[in-house]
Amino acid sequence: MTDKKFAVVSAVYNVGRYLDDFFAAMDKQTCDHSMIEVILVDDGSTDESPSRLQDWATATDYSVTILTKTNGGQASARNLGLDAVTAEWVTFIDPDDTVADDYWLFINRAVGAYSFRQRGAVIG
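Given the structure is predicted, the values throughout are model-derived calculations rather than measurements. (Residues numbered from 1 in each chain as written. Predicted model: local features only at pLDDT ≥ 70, side-chain atom pairs only at ≥ 80, totals over all residues. Heavy atoms only, no water.)

Draft legend 1. The sheet that holds strand 1 (residues 6-12), seen in detail. Pairing in this open sheet of four strands is parallel, and the strands run 3-2-1-4 from one edge to the other. Each edge of the sheet is formed by a strand with only one pairing partner; in this case those strands are strand 3 (63-68) and strand 4 (89-92). Going from strand to strand, the sheet's axes swing by 20° on average, the running direction of each strand aside. Sheet topology note: the strand 2 (residues 36-42)/strand 3 ladder contains six bridges and is parallel. Considered in strand 3, the bridge of Val41 is made with Leu67. (Pairing = 2+ DSSP bridges. Helix = DSSP H or I, 4+ residues; strand = E, 2+ residues; numbered from the N terminus. Axes fitted to C-alpha atoms, helices over the stretch in contact; angles between N-to-C directions.)

Draft legend 2. Quick peek at the nonpolar core. Ranked by internal contacts, the top residues of the largest apolar core, which has 24 residues, are Phe6, Met26, Ile36 and Trp104. For this core, the elements supplying multiple residues, two or more each, are strand 1, helix 1 (16-27), strand 2, helix 2 (49-59) and helix 4 (103-113). If you tally residues by element for this core, the top one is helix 1, at five residues. Excluding its chain neighbours within four sequence positions, the residues that come into contact with Met26 are Val8, His33, Val38, Trp56, Tyr62 and Trp104. In this structure, Ile39, Val41, Val85 and Ala87 belong to the second largest nonpolar core, which totals eight residues. (Core = buried A, V, L, I, M, F, W, Y, C linked by side-chain atoms within 4.5 Å. Buried < 20%, exposed > 50% of the residue type's maximum accessible area, 1.4 Å probe, protein only. Contact = heavy atoms within 4.5 Å.)

Structure below.
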């Protein structure tokens, strides 16, 4: 376990055309970025995705881990990313998705209201 509260795992395969919007949505989050780790799994992309991931990892203030594997599909990429998670909570956001600027603020509030007497909660 690290000091990160949340993790984003994203399977990346030939999605270079979507990455600007994905990165912008992450960078515009109104929460404290230091509480989030981002794990990007390149699933054998043949487009510019791998270099774009590296460029963003260098430019952003998030803690970013990039993993690379041969193409095996979204599930295998997510599973590899999940193995690398050190945060308490994890979500999967695909690179062709964007999230509202207050997504993590909302999730943080929801987690804070969660009753730990329950098990297997899905939030978000």
